[in-house]
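Here is what each chain is made of, one letter per residue.
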Amino acid sequence: MTTFFIADIHLCAQEPAITAGFLRFLREDAPQADALYILGDLFEAWIGDDDPQPLHAEISSALNHLHQQGVPCFFIHGNRDFLLGRRFARDSLMTLLPEKKVLELYGRRVLILHGDTLCTDDVAYQNFRKKVHNPFIQKLFLMLPLKWRLGIAARMRANSKASNQGKSLEIMDVNQQAVVSEMQAAGVEWMIHGHTHRPAIHDVPLDNKTGHRVVLGAWHEEGSMVKVTADNVELISFPF
């Protein structure tokens, strides 16, 4: 009994080494699990399921094959690929989940989410997130010609990069009280998320007990996953 969690792979055509490492992971490591959960930012950017990039078809085929091997894959949207839709999920045989989900895993209640909603000190980002998650705005964006969407996405990534350079690391990290509130509301002692790119396992003070927050690493220079079994919760890094 083993469940794998990953996040922040940030796949894009400009990073073939990351793509190769992720495909190797799907071929050699993921088949050992009972299930695979991807907690957002599988792709560096997503402008619609109709984007004909060969990379998308390659990843979809690999996820489809993993499912055919008996390993279901579940996906929570990240801040980079929140527009990933039902068409891609259907082709990949991947199940889309809400932005936060409580799992019952081997006697543990585990809250999983991408993690960006925990960064409440970054007020500018939270305001931006609220706008782009408006269903009406998303519908309008997806109606635009593909070329226009590519240009808008490129400008948004550039603006985000410039904005983040002026922010402290503390502002872009999770807010501790937001973590405690989410865990207590969900009735869990474990949380797994990505987004911050700071892999670690943190103790979380809850009412009369200590919880645990597991943060996945980004796949920039090496792979990162959380392996959950009946006996243990491990944060594992590995070379591509």
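About the criteria used
Residues numbered from 1 in each chain as written. Predicted model: local features only at pLDDT ≥ 70, side-chain atom pairs only at ≥ 80, totals over all residues. Heavy atoms only, no water. UniProt positions renumbered as here; feature names shortened; annotations may be inferred. Contact = heavy atoms within 4.5 Å. Helix = DSSP H or I, 4+ residues; strand = E, 2+ residues; numbered from the N terminus. Buried < 20%, exposed > 50% of the residue type's maximum accessible area, 1.4 Å probe, protein only. Salt bridge = Lys/Arg side-chain N within 4 Å of Asp/Glu carboxyl O.

- Naming follows an unreviewed UniProt entry, where the chain appears as UDP-2,3-diacylglucosamine hydrolase of Rahnella bonaserana.
- Heading Subcellular location (unreviewed entry) of the UniProt record for the chain holds this comment: "Cell inner membrane".
- Of the chain, the UniProt comment under Catalytic activity (unreviewed entry) reads exactly: "UDP-2-N,3-O-bis[(3R)-3-hydroxytetradecanoyl]-alpha-D-glucosamine + H2O = 2-N,3-O-bis[(3R)-3-hydroxytetradecanoyl]-alpha-D-glucosaminyl 1-phosphate + UMP + 2 H(+)".

**Considering the UniProt feature "binding site: Mn(2+) 1" (unreviewed entry) in the chain**
Next up, step 1: In the numbering used here, UniProt assigns the feature "binding site: Mn(2+) 1" (unreviewed entry) to Asp 8, His 10, Asp 41 and His 197. Look at the named residues: they lie 190 residues apart in sequence, but the longest C-alpha span between them is just 11.4 Å, so in the fold they bunch up.
Next up, step 2: In this view, Asp 41 contacts Asp 8, Ile 9, His 10, Gly 78, Asn 79, Arg 80, Asp 81 and His 114; residues no more than four positions away in its chain are not counted.
Next up, step 3: Residue position: His 197 is located in the loop between strand S7 (190-193) and strand S8 (200-206).
Next up, step 4: Judged by its relative accessible area of 31%, His 197 falls in the partly exposed class.
Next up, step 5: When sequence neighbours within four positions are dropped, the list of residues in contact with His 197 reads Asp 8, His 10, Leu 216, Ala 218 and His 220.

**Overview of the pattern of salt bridges**
Next up, step 1: Counted by the stated rule, this structure contains 11 salt bridges.
Next up, step 2: With a closest N to O distance of 3.0 Å, Lys 100 and Glu 182 form a salt bridge. Placement of Lys 100 in strand S5 (residues 100-105) and of Glu 182 in helix H8 (residues 176-186) is noted, with a sequence separation of 82 residues between them.
Next up, step 3: Relative accessible area serves as the criterion here: at 38%, Lys 100 is assigned to the partly exposed category.

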